[in-house]
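Listed here are the chains, written in short residue letters.
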Amino acid sequence: MQFIQVTNNKEIDMTSLILKQMMGEITRNEVLQVINDNIVKNSDEYEK
């Protein structure tokens, strides 16, 4: 099973982020930062 979040037609592979968080490689805040960064980056591209 794979989870993909789509924001402004861009995909974030949530599966790898969640697995890394579960294994303690990254924190929940780091997961949220990746999502937020992607939303901001993609919304900038969307406006162009």
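Computed from a predicted structure; not experimentally measured. Every chain begins its residue count from 1, and numbering advances along the sequence as written. Given that the model is predicted, a residue must reach a pLDDT of at least 70 before its local features are reported, and side-chain atom pairs must reach 80 or more before they are shown or counted; all residues, however, enter totals for whole chains, interfaces and linings. Derived side-chain values reflect all non-hydrogen atoms in the structure, with water molecules and hydrogen atoms excluded from consideration.

Along the backbone of the protein there are two helices and two strands. When accessible area is computed with a 1.4 Å probe and restricted to protein chains, residues below 20% of their type maximum are described as buried, those above 50% as exposed, and intermediate ones as partly exposed. Considering the protein as a whole, with its 48 residues, one finds that 21% of them fall into the buried category. Counting only contacts in the protein whose residues sit at least 6 apart along the sequence, the fraction spanning at least 24 positions is 36%. Just so you have it, the protein exposes about 3,900 Å², and 52% of that area is on carbon and sulfur atoms. The helix and strand labels rest on DSSP assignments: H or I over at least four residues marks a helix, E over at least two residues marks a strand, and numbering proceeds from the N terminus. By the convention used here, residues are in contact when the closest approach between their heavy atoms is within 4.5 Å. Here, Shrake-Rupley sampling with a 1.4 Å probe gives the accessible areas, and only protein chains in the shown set may cover a residue.

Another point: a nonpolar patch on the surface. Residues Phe3, Ile18, Leu19, Met22 and Met23 make up a contiguous nonpolar surface patch of roughly 540 Å² in combined accessible area. Relative to the assigned elements, Met22 resides in helix H1 (residues 14-22). Patch construction takes residues with relative accessible area above 30% that form no salt bridge. Like charges are linked within 9 Å, and nonpolar side chains (Val, Leu, Ile, Met, Phe, Trp, Tyr) are linked within 5 Å. Just to be clear on terms, a salt bridge is a Lys or Arg side-chain nitrogen sitting within 4 Å of an Asp or Glu carboxyl oxygen.

Below, the discussion takes up the nonpolar core. Here, nonpolar core refers to any group of buried Ala, Val, Leu, Ile, Met, Phe, Trp, Tyr and Cys residues whose side-chain atoms link them within 4.5 Å. Judged by nonpolar contacts, Ile12, Met14, Leu17, Ile26, Val31 and Ile35 together constitute the single largest core of six residues. Breaking this core down by element, the ones donating at least two residues are H1 and helix H2 (28-47). Other than its neighbours up to four places away in sequence, Ile26 contacts Leu17, Lys20, Gln21 and Val31.

Turning next to the confidence of the model for the protein. pLDDT: the predictor's confidence for each residue, scored from 0 to 100. The share of residues in the protein with pLDDT of 70 or more is 75%, and the mean pLDDT across the chain is 78. Mean pLDDT across the secondary structure elements of the protein bottoms out at strand E1 (residues 4-7), with 69, and peaks at H1, with 88.

Let's shift gears to the environment of Val34. As for its placement among the helices and strands, Val34 is situated in helix H2. Along the chain, Val34 and Leu17 lie 17 residues apart, while their C-alpha atoms are 8.8 Å from each other.

So, on to H1. The complete set of buried residues in H1 reads Met14, Thr15 and Leu17. Angularly, the buried residues of H1 cover 165° about the axis, an arc narrow enough to put them on a single face. For H1, the N-terminal capping position is held by Asp13, with its side-chain oxygen 3.1 Å away from the main-chain nitrogen of Thr15. Relevant arc is that of directions from the helix axis to the C-beta atoms, nothing else. Any N or O atom pair separated by 3.5 Å or less is treated as a polar contact, with the protein-specific requirement of one donor-capable and one acceptor-capable atom, and with residues adjacent in sequence counted only for side-chain atom pairs.

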